[in-house]
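Coordinate inspection notes
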Amino acid sequence: MTAVAPRSSPVVAAVSTMGPIRQTYATAETFPPVARAYTQVSQVAKELGLLRRAPIFYSLVGGALVLAFAGCIAGFVLLGHSWFQLLIAAALGIVLTQVAFLAHEAAHRQILTSGKANDRLARILAAGVVGISYSWWDSKHSRHHANPNRVGKDPDIEVDTVSFLAEDATQARGIRRFITRRQGWLFFPLLTLEGLNLHALGIRHLFSRQPVKGRGIELALIGVRFALVAGALFLFLPLGMAFAFLGVQLAVFGVYMGASFAPNHKGMPIIAEGARLDFFSKQVRTSRNIRGGWWATILMGGLNYQVEHHLFPSMARPHLSKVRVVVREFCETHDVPYTETSLWRSYAIVIDYLNRVGLAARDPFDCPMVGQYRRV
């Protein structure tokens, strides 16, 4: 049975007639534990051979990306001083996002048999090809997987221009307050800056005083990549066209990345900071799948099977659709909500959730309940 997330997020309580909305968090009482759930599901996955690697699949994906890069380079050379170069920039943004998906899978030990080999591959793809710090991303993403949507522990719901919690929205001031009040509608336009933000956060991490694994290697990889990209753009294109190319590439990369990751957890239940939940319930109840089959898997790099990815983070992409059947049947049998919806519906849910959280940043004399009923 497929549970489609409702228009109103279950974690957002009714608002009062004055002041900010109040947000409630899931606890062990609202998420009853399911005994031996993960053990049973993982045993079935193992018996079906779904935990094995998929070397042929990833070889084909890698080959396709090499050909895509070759096509972008050929188009760049052939077009010369033409504004059609912006089409190449957009294509490059798409290809780099697909490489980021592959780096994500390598970081999860999905591609190669050795953990160290996967780490090396992920670092080369992330820092050397995409241009973002692998060590920064890996630390952040590992904390997210351990505690998805948990207050105080999941870095993906920490405030970063956009507020994902009402408490953060109430503290917004100045330009951020203006954005927060409209953050649902501004979310996708803001993603045009996310590509630049990812590069900047990674660089800041690498130059921080804290210990960073592979700092020198990543700085070297990012430096060489920057020199090659900047050299090609500013040596072979007019100055204005070079900046426009770079802007379009970063914008497309940011929107594509954000649009692929946003549907996974935004608008799903938020877990209280001190709640003690079993692994299966925690991962399934906070994740949302996207319908679409093979095309969604290609478009989102396997992130469309977010429930299964969180249960089996090292599972190869081709096996996620097969284990989905096992997980769905288990959830139906044990009355565990399993959320799956269309891509467009997920975006509507995310926008609505962010707008509701943004109510907390409104003036105290602006009645949020009026705004709530205005959307009903």
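My aim in this report is to walk through the structure given alongside it, one point at a time. (Residues numbered from 1 in each chain as written. Predicted model: local features only at pLDDT ≥ 70, side-chain atom pairs only at ≥ 80, totals over all residues. Heavy atoms only, no water.)

The tally for this structure, following the rule as stated, stands at 10 aromatic pairs. Following the ring pairs from residue to residue traces out a cluster consisting of F187, F188, W344 and Y347. Here K266 stacks its cationic end above the ring of F164, 4.9 Å away from the centre of that ring. (Phe/Tyr/Trp six-rings, centres within 6.5 Å; stacked < 30°, edge-to-face > 60°. Lys NZ or Arg CZ within 6 Å of the ring centre and 35° of its normal.)

Another point: unusual backbone geometry. Located in the positive-phi region is R109, a residue other than glycine, with phi close to 65°. Its place among the elements puts R109 in the loop between α3 (85-107) and α4 (115-130). At T161, a residue that is not glycine, the phi angle is positive and equals roughly 70°. As for its placement among the helices and strands, T161 is situated in the loop between α5 (134-146) and α6 (166-170). Given a relative accessible area of 35%, T161 falls into the partly exposed group. (Helix = DSSP H or I, 4+ residues; strand = E, 2+ residues; numbered from the N terminus. Buried < 20%, exposed > 50% of the residue type's maximum accessible area, 1.4 Å probe, protein only.)

To continue, consider a nonpolar patch on the surface. A surface patch of nonpolar side chains, amounting to about 460 Å² of accessible area, comprises W294, W295, I298 and L299. Relative to the assigned elements, W295 resides in helix α13 (residues 294-300). Under the relative-accessibility criterion, W295 is labelled partly exposed at 38%. (Patch = residues over 30% accessible without salt bridge, like charges linked within 9 Å, V, L, I, M, F, W, Y side chains within 5 Å. Areas by Shrake-Rupley, 256 points an atom, 1.4 Å probe, with all protein chains shown as cover. Salt bridge = Lys/Arg side-chain N within 4 Å of Asp/Glu carboxyl O.)

An ideal rise of 1.5 Å per residue puts 33 Å on 23 residues; α3 measures up with 33 Å between its terminal C-alpha atoms. In terms of burial, α3 is a largely internal element, 18 of the 23 residues being buried. Just downstream of α3 lies R109, where phi reads positive at about 65°. (Expected span 1.5 Å × (residues − 1).)

Read these as spatial facts, not as claims about activity.
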